[in-house]
Structure formats: C-alpha cells, structure tokens
Amino acid sequence: MKKYLTDNFGYTLRNIRENLKLTQTEVFQGILARSTWCNYESEVMVPDMITFITLLERMGVSSDRFEFIVPEEVHKFYEWYEDCQNYIENEAWDMLREKRNSFKINKQINEKIQYQCRDFIDYVIERFADKNLDKAFLHIRQALMYTVSDIDNIVENKMLLSVFEGHLLINYYDLMAVINTEKTEKITKILYTFYNYYKCRLKDDLIRKKILPRIVILILKHDKNVINKDERLKLEYESLEILIKNASIREVTEILKHMIKDEKAYYMVWAREKHIMALSSILNKFGFSPDFRVEVLRIERRYLILGDILKLRRKELGLTMEEVAGNICAVSTYARAESGKASPNRNTLGLLKERLKLRAVYYSSEIETNDYGILIFNSECRRLVATGRYDEAEEKYKELSDKIDMSITVNRQIIGFSGLYTLLNRNDSLVRLWELLPYNELDFEQITLFSREELEVLSLIAKEKALADKAEGIYFIETVLEKEGRRRSTYYARTAIINRDLVKLLKDNKEYEKSYKLAIAMVKKMFIENDSGLLLDMLDFISTIEEDLGNKAGAAKICKDMFYISELYEMYDAARSIKEYYSKVFNKNEKWY
C-alpha cells in the first residue's frame, strides 16, 4: 500500500531526512536515544506531537508545512507557553511569575523540551524582571543543554537546531556578550561562523526567516569592527531579502537601523529612513514597539484539537457516541477522547478515523504526496497565486498535477482551487465555485469542518453573493466564521483571507464600526504572528474608513505610510497606485524622497 506524508510519522521523518541527505544522528542527537529514533522511523512507536515538530525543524522543515491535530495535553502546554509569551511581550512580570509557577510536567510529552521552555521563562524573569544577569545566564545555559550538550561547537559538530533551540542560542550569546564585554569579539566571530554555516544548511524559507535575521541582528549589535562595512551591508541585505520575501515584520526595523549606519549611497540612506519611519509609525499606531527584543519570539503553531475534531465530525455525520464507538472501543473511552480527558491508542484512533471519514487524526500535509519535494513545489505554487502571478501559477499547477495522484480528493481540490480566481464575476461564478467543494449549498448547513482551501472558496462565494445583496454576503461569511469558531483552537493563517474579505464587505456596506474594529484586530494579529501578507489590505480599509468618516488627516498619514511600506516590500504596482491616489485626494505636491 502506497504511503503518504499525512499521518505517517515514520515515513515522513525518513522521507524528509533522506530527501535532505541528513544522517539520523544529526536529527535526533540530544533529543532522543538512537533506539527511540529507530522505532519512530520504523513505525514501531509514535512520537508525541511536540517532539515530532522539533524533529521536523531540526531537519530544516517548517511546521507551517503541515496542519496538526493535537491531544488536550499538547494544547494545554502550548496555551501555557503562549500565555507566557504574551506576558513577556507586555512586560507583565508578576503575571509571568504566576504563570511560570503553574508549570507542571506532562509525562506524555518530551520532558526535555518542556524543561527547556520552563527554564527559558526563568531566564527571562531573572534577566529582564529581576535584573539578575548571573542567575539568568545559568537558566539560559541549562535550557540549551537539555538538547545541545556542546554549545560552543555546534558548527564543528555539524549540529542542527529547531527554531526554539536557535532562539535559546541567540539569547545565550546575547547575554554572554552583555556580561563579558571583553568577549564580544569572540562572540561576534562565533555568531558569524554559525550564520554562514546555517545559511548553507537551511533551505526552507519559512525556517530561515525565523532564525537567520535574528542571528544577524545579534552580530550587528555586538560587532566591534570585527566585520568590515561591506560584509555588514551584505549581511543586512541578505536578512532584509529573507524578511521581505516572507512578509515578516518584527525584525525589519532593526535591520533598517543598521543599514542606515552602513549604507554608502546617500539616496539609499534617505529611502531607508523613510521606510523605517513608515513601518515604525504603523507599529506604534497599533500599540507595538518597533524595537527588536531578543527575548520575544512568537511562533504560531498551526493546530486543531483532537477532541473538537472528533465531536464536530460526529455531529456532521449525525452519529451518536454509541454509533461511533461501536465495536471499536467502549463508549466511555470514546467520550473521554471527545472531552479531551484521554487520548486513544494508535490502533483505536486509526479505526475512529475510518469510521468518521477523517483525512487525518495526527497531522496532514497541504497536498497528499509521498515526496517532501512535491510539498515544497506546491508551496511555491501557492506563493505565486498569493502574489498575483496567476499565469505563472497556472503553468506550475499543470506541472504539479502531473506529479501527484489525481484520484485523491484533496489533490483534485488543490488543482481545482488553483484556478478559482479566474471564476469570479462570471454569470455562472457561484455554480462553478460550489462545484469546487465536496458538498452543495444545501449540505453546507451541516458542515462545520473546513480545510483552508475550502475557507477561501467559501469566502469567494460570499463575495459573489454580496454582488447581488451585500447583507447576504456578510451573513454567509459570518456563518462560516461562526462555524470555524466552534473549535477551541484555530489559527491566524486559517482565517486570515476570510476575515480580510469580511472587513471589506462590512466597509462596502458602510458598517464602519464593525469593519474598523475587525481590521484593527487583524493588524494586531499580523504583528503578533509576524506576517505582513495582508497588511496593506487592512491599512487600505482603515484609511478609507477614516476618510469616509471625515478624518482626512489620519487617512492621509496612513496612506503615506502605505506607500513607503509597499516600496519596502517591493510591491511597486501597489506603491504606484497609492502614490497616485494620495496625490489626487490629499496632496498633489507631496515630496516623497
């Protein structure tokens, strides 16, 4: 039987490792015993989800390539750490201490990784709240050493790190440079070597953007003429390219600050100053500091909760708990699974998956394939669509369709969805859009579980409905979001497109208060998740509402900032349109540079 990446832990780990030509030791060292790794690859054992994600990242594969379904204990751990991150960002130290003290080890999750997170929180408290640098150093060193025993020889040992391990390493060397100022030259050289090593090792841009720019910022921060100005500029441009390509926000202003110091051409200094002023202005407007903080790293985990999936799918199918449990397990066992009080074993979960006709109960890749390379190829196709390069995307999707099994429903959907933007504004648009979904408009009332692609199609259906009746379009999209909200856990990337479209529909229907409030919430979420993909859309809606409500000065300021931000992110067509609009509506004599 042919295996695919979805829900096949051992096959996925082995396929990716072999595809990337990695040794077993490079991946598991410090995290697992060799025997445990071998049991994972041979599918004798199943890793907990946090270990699995860490191993993926060790191989340089972003967890964003998958959607995970996690048991209650993993969700609770992520909630605990996310709360800690919120308190760190807001410098709510008393609340952070209280949350830290609620930490409890869960025996069903990799203990080393849990202790790493706990000790990182202790480090933050000691360094930034209590100002006890010596104690802080002990905590950050201990946090790293749970999985990285030889910290100063990572390059020599050809080690690979997860995103969180990279974050710990950056904090470790930053604090070391603060405590031992006489060692800054040595630390700069170590970080510079590590950057060049990791730049070559990492291929996945979704991982590169989370680690490499932060290393560069640390190099630039502590460099005392170890690196010449040309090399500094090279580092700055490489980092900015990674950040811009991947629509990151949080580290951009810090990179721009260093570029302004090192740029040789005056006109480039002037342009960078405009860029940093605009981005800083928007960050400040929505309550975020443009300053880089080494201790802050927000990592959005794209997961749903197993109990919610089981319950919602059972209700979709109109089944009772007794009917689902049947001859698979005791009704009480199934009930505990739905409520999150217990996780079924692998065999039981596999049978429940079949009975409930679920695609996944552990994790799913965006497309059904047995080859990691095809997964990356599909991501490139999506990127082309996201940036409006539809002709290129069409050619790539044709190539993709020849590489995958088109008898699989999700693959047919992916290829079908690839042309969905060409279906708009036609007489048969609604009919054609509904044909892309595995259910019709009548069946939609019973559906509560949607894939990301289905959410995008449903959003387009709402927009088509709104052409005839704005209120109907708004009601439809709000219904979809209400259903999505029945889960206790969703994530920004799942609902970003559909929320954007709701903001626009509300604005067009002159429901300004609701539209404005949702747009601001979206912008804040983008900054938290470090994703500027829809930033210009949201700023455009906010600016338009400000203008319609008579706040012309506020609208003009946002519009002007949008121009510089669009140029910074190399969205030159958008920049041209914004500039033309600004000149026409606000000030035709504006001097831009």
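Predicted model only: the values in this text are computed from it and were never measured.

Draft legend 1. Layout of the overall build of the protein chain. Scanning the protein chain from terminus to terminus reveals 29 helices and 3 strands. Relative to the compact-globule value of 25 Å for 593 residues, the protein chain shows a C-alpha radius of gyration of 25 Å, a close match. Dimensions of the protein chain, computed from C-alpha atoms along their principal axes, come out at roughly 70 × 65 × 50 Å. Looking at the protein chain as a whole, 57% of its 593 residues qualify as buried. Expressed as a percentage of contacts within the protein chain between residues at least 6 apart in sequence, the contacts between residues at least 24 apart total 69%. Per element, the accessible surface of the protein chain, about 26200 Å² overall, is 49% carbon and sulfur. Computing the positive centroid from 93 side-chain charges and the negative centroid from 95, the protein chain places the two 2 Å apart.

Draft legend 2. Representation of the environment of Glu435 within the structure. Its place among the elements puts Glu435 in helix α22 (residues 429–435). Taking relative accessible area as the criterion, Glu435 reaches 55% and is therefore assigned exposed. In the structure, Glu435 is positioned 385 residues away from Ile50 in sequence and 37 Å away in space, judged by C-alpha atoms.

Draft legend 3. Representation of the packing of helix α6 (residues 93–101) against helix α7 (residues 111–129). Interaxial distance between α6 and α7 falls to 11 Å at its minimum, and their mutual angle equals 155°. Judged on the interaxial angle alone, α7 and α6 are roughly antiparallel. Here the hand of the crossing between α6 and α7 comes out left-handed. Here α6 contributes Trp93, Leu96, Arg97 and Arg100 to the contact with α7, which in turn contributes Arg118, Ile121, Asp122, Val124, Ile125, Phe128 and Ala129. Partitioned by chemical class, the residues of the contact of α6 with α7 number 7 nonpolar, no polar and 4 charged.

Draft legend 4. Main features of unusual backbone geometry. Although it is not a glycine, Ala247 sits at a positive phi angle of roughly 55°. The topology assignment puts Ala247 in the loop between α12 (229–245) and α13 (252–262). According to the relative accessible area criterion, Ala247 is buried, its value standing at 17%. Phi at Lys510 is positive, roughly 60°, even though this residue is not glycine. Here Lys510 shows up in the loop between α25 (492–508) and α26 (512–529).

Draft legend 5. Quick peek at the packing of helix α27 (residues 535–548) against helix α28 (residues 552–568). Viewed as axis vectors pointing N to C, α27 and α28 meet at an angle of 160°, and their least axial separation amounts to 8 Å. The pairing of α27 with α28 is recorded here as roughly antiparallel in orientation. Crossing geometry of α27 relative to α28 is assigned as left-handed. In this structure, α27 contributes Leu535, Leu536, Leu539, Asp540, Ile542, Ser543, Glu546 and Glu547 to the contact, and α28 contributes Ala555, Ile558, Cys559, Met562, Ile565 and Ser566. Looking at the contact of α27 with α28 residue by residue, the classes come out as 9 nonpolar, 2 polar and 3 charged.

Draft legend 6. Spatial organisation of helix α9 (residues 163–179). With 17 residues, α9 extends 25 Å from end C-alpha to end C-alpha; this agrees with the ideal 24 Å at 1.5 Å per step. Taking burial as the measure, the 17 residues of α9 include 15 buried ones, the bulk of the element.

Draft legend 7. Spatial organisation of the environment of Ala265. Relative to the elements of secondary structure, Ala265 occurs in the loop between α13 and α14 (266–285). Take Ala265: its relative accessible area is 26%, and that puts it in the partly exposed class. Sequence spacing of Ala265 and Phe128 is 137 residues, and the spatial spacing of their C-alpha atoms is 38 Å.

Draft legend 8. Fine view of the pairing of strand β1 (residues 66–70). For β1, the buried fraction is high: 5 of the 5 residues fall into the buried class. Neither face of β1 is exposed, since Phe66, Phe68 and Val70 on one face and Glu67 and Ile69 on the opposite face are all buried. When β1 meets strand β3 (residues 363–365), the two strands line up antiparallel, connected through 3 bridges. Across the sheet, the residue bridging to Phe66 is Ser365, located in β3.

Draft legend 9. Here's a closer look at the pattern of salt bridges. Summed over the entire model, instances satisfying the criterion amount to 60 salt bridges. Across the salt bridge formed by Arg118 and Asp119, the nearest N and O atoms sit 2.9 Å from each other. The exposure class assigned to Asp119 is buried, which follows from its relative accessible area of 3%. Taking the shortest distance from any N to any O, the salt bridge between Glu338 and Arg314 comes out at 2.5 Å. One end of the pair, Glu338, is in helix α17 (residues 331–339); the other, Arg314, is in helix α15 (residues 306–316), with 24 residues separating them in the sequence. The pair Glu338 / Arg314 is uniform in exposure class, with both members buried.

Draft legend 10. Up close: a nonpolar patch on the surface. On the surface, Tyr266, Trp270 and Tyr593 cluster together into a nonpolar patch covering about 360 Å² of accessible area. By relative accessible area, which is 41% here, Tyr593 ends up partly exposed.

Draft legend 11. A look at α12. Between its first and last C-alpha, α12 extends 24 Å over 17 residues, near the 24 Å set by a 1.5 Å rise per residue. Among the residues of α12, Glu231, Arg232, Leu233, Leu235, Glu236, Glu238, Ser239, Leu240, Ile242, Leu243 and Ile244 are the ones counted as buried. Buried residues belonging to α12 abut α10 (184–201), α11 (205–222), α13, α14 and α28. The residue sitting at the N-terminus of α12 and contributing the capping side-chain oxygen is Asn228; that oxygen lies 3.1 Å from the backbone nitrogen of Asp230. Where α12 ends, the next residue or the one after it, Ala247, has phi of about 55°, a positive value.

Draft legend 12. Focus on the sheet that holds strand β2 (residues 303–305). Pairing within the open sheet is mixed, and its 3 strands lie in the order β2-β1-β3. Unpaired on one side and paired on the other, β2 and β3 mark the two borders of the sheet. Sheet twist, expressed as the mean angle between neighbouring strand axes with direction ignored, is 15°. Relative to β2, β1 is paired through 3 bridges, and the arrangement is parallel. Note that in β2 the partner of Phe68 across the bridge is Tyr303.

Draft legend 13. Examining empty space enclosed by the protein more closely. Across all of its chains, the model carries 2 cavities of 30 Å³ or more by this definition. Lining the largest cavity are Pro71, Glu72, Ile305, Leu306, Gly307, Ala337, Gly340, Ala342, Ser343 and Arg488. Looking at side-chain class alone, the lining of the largest cavity contains 5 nonpolar, 3 polar and 2 charged residues. Taken as a whole, the second largest cavity spans an internal volume of roughly 30 Å³. Lining the second largest cavity, in full, are Arg250, Leu283, Phe288, Ser289 and Pro290. Grouping the amino acids of the lining of the second largest cavity by side-chain chemistry returns 3 nonpolar, 1 polar and 1 charged.

Rules behind the numbers
Residues numbered from 1 in each chain as written. Predicted model: local features only at pLDDT ≥ 70, side-chain atom pairs only at ≥ 80, totals over all residues. Heavy atoms only, no water. Helix = DSSP H or I, 4+ residues; strand = E, 2+ residues; numbered from the N terminus. Rg over C-alpha atoms; globule rule 2.2 N^0.38 Å. Buried < 20%, exposed > 50% of the residue type's maximum accessible area, 1.4 Å probe, protein only. Contact = heavy atoms within 4.5 Å. Areas by Shrake-Rupley, 256 points an atom, 1.4 Å probe, with all protein chains shown as cover. Lys, Arg positive; Asp, Glu negative; His and termini not counted. Charge placed at Lys NZ, Arg CZ, Asp CG, Glu CD. Axes fitted to C-alpha atoms, helices over the stretch in contact; angles between N-to-C directions. Parallel < 35°, antiparallel > 145°, perpendicular 65-115°, else oblique. Left-handed = near helix turned anticlockwise from the far one by under 90°. Nonpolar A, V, L, I, M, F, W, Y, C, P; charged D, E, K, R; others polar. Expected span 1.5 Å × (residues − 1). Pairing = 2+ DSSP bridges. Salt bridge = Lys/Arg side-chain N within 4 Å of Asp/Glu carboxyl O. Patch = residues over 30% accessible without salt bridge, like charges linked within 9 Å, V, L, I, M, F, W, Y side chains within 5 Å. Polar contact = N/O pair within 3.5 Å; in protein donor to acceptor, adjacent residues only side chain to side chain. 1 Å grid on protein atoms, 1.4 Å probe; cavity = no way out; pocket = protein on both sides within 12 Å on 5 of 7 lines; lining within 4 Å. Points joined across faces, edges and corners; volume = space filled by probe spheres on them.

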